[in-house]
Amino acid sequence: MRKVLNKKAVLFAGLVVSSGSASSSEVEVLHWWTSGGEASALNLLKQDLESQGIGWTDMPVAGGGGEQAMTVLRARVTAGNAPTAVQGLGFDIIDWGNQGALANLNAVAEKEGWDDVVPEALKTFAKVDGKWVAAPVNVHSTNWVWANKPVLDANGIEQPTSWADFEAALKKLKEAGITPIAHGGQAWQDATVFDAISLSTLGAEGYTAAFVELDAEVLRSDEMKEAFDRMAVIRNNVDDNFSGRDWNLATAMVINGEAGFQLMGDWAKGEFVKAGQKPGEDFLCFRFPGTADQVTFNSDQFMMFDQGGEVSHEQEKLAAAILSPEFQSSFNVVKGSVPARTDVSDAAFDSCGKQGMKDLIAASESGNLLGSMAHGHAAPTSVKSAIYDVVTAHFNGEYDSETAVVELADAVEISR
Ligand code: BGC
């Protein structure tokens, strides 16, 4: 009896919902924003849409870098059941666009004037054959270091500006019984660290030659070997429980003073902010030593999947909300990233956000704005995965640095 009543209640609720035109519309959004800071940022988008009468079905798939989310996405598309909107990175967006799976956003892009305000570096991944297929929500970058300021102060450590300084700081922390580096041993996190480290030894040109042009000579170079040597130093300065740890738990170790540093993209700042910490007082953000004028970026974009026909009203609303200047400011302040449009004021951002915005412009003007290898903005996914495998195998002690460069060049050659 109870069951029957419940069924009736559900039916009735369904009728009420579908009779109102605004509340009958909704979007289903697949993403990997599951940490505290990420969820707070995403909530702003959800609330924005709900205030416009558009419901939100959440489809979270945990795992930084989005590998797991992309696996779920492939299964959904194969089953003929693509979500309305999906978080995507770089070459993955291009791939889906080339397969004809994405809706055409040109009408909303034109109405909202996206072409004038979205930087070229992002358009490269948001447009396929002149057609907007994704709405960029932010610009992140991966060559950041996050530090616990009181821990550094208590150990007489200044913000390191060179690799030698950084090594000296790690040594001091180890001697003081503090975990020098908070790290999570997951392939995408190892690769994120490698973004910053390889940039520091290769320079901007070498980084591009290695990860965009896939130049075998550079992949096997002494500078690449030096990058692996530095990765081994990082490995020697993480705690015993690093394996498999999620990135936000590593960030928490810095927040709690259990560890001194974390090498991670600026989504880490979302965790510091969420914990009520202030840059310059509680934590420091700075570019990885030796990469001060360079930025390895990745941009989260929402791909709108073709639902069989024209782009839907809800998809257009979602896309317009994502790129509205007000949302770009409020969202990115919480997320730790910087706006995906060039005309947003930095007034609401903290000092790390302001620096991020300044660095992005400077790097773009000086030719030092580089797509992140680790986050799918340098090479297609097959190459990225091949690099992940070698970097992780080396990090876990399977290869020495000399072997790693050979394995790297071979793996890239086979996967391209
Ligand atoms: C995304 C970020 C996200 C991070 C960790 C990156 O690939 O671009 O938005 O916060 O992964 O989940």
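It should be emphasised that the depicted structure is a prediction, and the values quoted were computed from it without experimental measurement.

1. So, the site of the ligand
If you check the shell around the ligand, you find 14 residues, and the closest are Trp33, Glu38, Asn298, Asp300 and Lys335. One nitrogen or oxygen atom from the main chain of glycine 65 is found 3.3 Å from an oxygen atom belonging to the ligand. Contacts to the ligand include histidine 140, whose side-chain N or O atom sits 3.5 Å from an oxygen atom. Protein chains bury 100% of the 310 Å² of accessible surface belonging to the ligand in isolation. Residues of the shell around the ligand, tallied by class, amount to 5 nonpolar, 6 polar and 3 charged. Each of domain 1 (8-140 + 299-350) and domain 2 (141-296 + 362-415) gives at least three residues to the shell around the ligand.

2. Considerations on the pairing of strand β3 (residues 85-89)
Of all 5 residues that make up β3, 5 are buried, and the element is covered over most of its length. Across the two faces of β3 the burial is the same, with Ala85, Gln87 and Leu89 and Val86 and Gly88 all buried. Relative to β3, strand β1 (residues 26-31) runs parallel, the two sharing 2 bridges. When the sheet's bridge partners are listed, leucine 30 is paired in β3 with valine 86. Of the pairings in the sheet, the one linking β3 to strand β13 (residues 300-304) comprises 5 bridges and is antiparallel in character. From the neighbouring strand, glycine 88 faces β13, where its bridge partner is glutamine 301.

3. What about the sheet that holds strand β7 (residues 140-141)?
The sheet built from 3 strands is open, its strands ordered β7-β12-β14 with mixed pairing. The outermost strands of the open sheet, each flanked by one partner alone, are β7 and β14 (369-371). Pairing analysis gives 2 bridges linking β7 to strand β12 (residues 295-298), with the strands arranged antiparallel. If you follow serine 141 over to β12, its bridge partner there is phenylalanine 297.

4. Observations concerning the domain arrangement of the protein
It is common to report an interface's size as the accessible area lost on association of the parts. Per the domain assignment, the segments making up the protein are domain 1 (8-140 + 299-350) and domain 2 (141-296 + 362-415). The distance between the C-alpha centroids of domain 1 and domain 2 comes to 28 Å. With 23 residues of domain 1 in contact, the opposing surface of domain 2 contributes 24 residues. Contact with domain 2 buries surface across domain 1, with Phe91, His140 and Asp350 losing the most and accounting together for 29% of the total. Our enumeration of links across domain 1 and domain 2 arrives at 1 salt bridge. Where domain 1 packs against domain 2, one counts 9 residue pairs in polar contact (both at pLDDT 80 or more).

5. Examining the sheet that holds strand β10 (residues 259-263)
Judged by pairing direction, the sheet is mixed, and its 4 strands sit side by side in the order β9-β10-β8-β11 without closing on themselves. Bordering the open sheet on either side are β9 (179-181) and β11 (283-287), each of which pairs with just one other strand. The average angle at which neighbouring strand axes cross in this sheet is 20°, direction not considered. Pairing geometry for strand β8 (residues 144-148) and β10, over 3 bridges, is antiparallel. Among the inter-strand pairings, alanine 147 is bridged to a residue of β10, identified as phenylalanine 261. Each of β8 and β11 touches helix α17 (residues 351-366); the most contacted strand, β11, lies at about 5° to it.

6. With respect to the side chain of threonine 291
Note on placement: threonine 291 falls in the loop between β11 and β12. Taking relative accessible area as the criterion, threonine 291 reaches 0% and is therefore assigned buried. A polar side-chain atom of threonine 291 sits 3.1 Å from a polar atom in the side chain of asparagine 143. When residues no more than four places from it in sequence are discounted, the contact partners of threonine 291 are Asn143, Ala196, Leu199 and Ser200.

7. Observations regarding helix α18 (residues 381-395)
With 15 residues, α18 extends 21 Å between its outermost C-alpha atoms, agreeing within 8% with the 21 Å of an ideal straight helix rising 1.5 Å per residue. Within α18, 11 of the 15 residues are buried, leaving the element largely enclosed by the surrounding structure. Every buried residue of α18 is listed here: Val383, Lys384, Ala386, Ile387, Tyr388, Val390, Val391, Thr392, Ala393, His394 and Phe395. Looking at the buried residues of α18, the elements they touch are α3 (67-78), α10 (187-211), α12 (222-235) and α19 (401-415). With its phi angle positive at about 85°, glycine 397 sits one or two positions after the end of α18.

8. Here we look at the environment of leucine 323
Inspection of the secondary structure puts leucine 323 in the loop between α15 (313-322) and α16 (325-335). On a C-alpha basis, the gap between leucine 323 and glutamate 365 in space is 23 Å, while along the polypeptide they are 42 residues apart. Look past the residues within four positions of leucine 323 in its chain and what remains in contact with it is Trp114, Val118, Ala135, Pro136, Gln328 and Arg341.

9. Overview of the packing of aromatic side chains
A complete count under the given rule lists 20 aromatic pairs for this structure. A centroid spacing of 4.9 Å and a plane angle of 75° characterise the contact between tyrosine 207 and phenylalanine 211, whose relative ring orientation is edge-to-face. Linking tyrosine 207 with phenylalanine 211, this pair stays in helix α10, spanning 4 residues, or about one helical turn. Phenylalanine 211 shares its class with tyrosine 207; the two are buried. Joined through ring pairs, the aromatic side chains of Trp163, Phe166, Phe261, Phe286 and Phe288 make up one cluster. Over the ring of tryptophan 144 we find arginine 287; its NZ or CZ atom is 3.8 Å from the centre of that ring.

10. Quick word on the side chain of serine 372
Tracing the backbone shows serine 372 in the loop between β14 and α18. A polar contact is formed between the side chain of serine 372 and the side chain of aspartate 195, at a distance of 2.6 Å. Ignoring any residue separated from it by four or fewer positions in sequence, one finds serine 372 in contact with Thr142, Asp195, Tyr207, Thr296, Phe297, Asn298, His377 and Ala378.

Rules used throughout
Residues numbered from 1 in each chain as written. Predicted model: local features only at pLDDT ≥ 70, side-chain atom pairs only at ≥ 80, totals over all residues. Heavy atoms only, no water. Near = heavy atom within 4 Å. Polar contact = N/O pair within 3.5 Å; in protein donor to acceptor, adjacent residues only side chain to side chain. Areas by Shrake-Rupley, 256 points an atom, 1.4 Å probe, with all protein chains shown as cover. Nonpolar A, V, L, I, M, F, W, Y, C, P; charged D, E, K, R; others polar. Domains from an automatic or database assignment. Buried < 20%, exposed > 50% of the residue type's maximum accessible area, 1.4 Å probe, protein only. Helix = DSSP H or I, 4+ residues; strand = E, 2+ residues; numbered from the N terminus. Pairing = 2+ DSSP bridges. Contact = heavy atoms within 4.5 Å. Buried area = accessible area lost by both parts, 1.4 Å probe. Salt bridge = Lys/Arg side-chain N within 4 Å of Asp/Glu carboxyl O. Axes fitted to C-alpha atoms, helices over the stretch in contact; angles between N-to-C directions. Expected span 1.5 Å × (residues − 1). Phe/Tyr/Trp six-rings, centres within 6.5 Å; stacked < 30°, edge-to-face > 60°. Lys NZ or Arg CZ within 6 Å of the ring centre and 35° of its normal.

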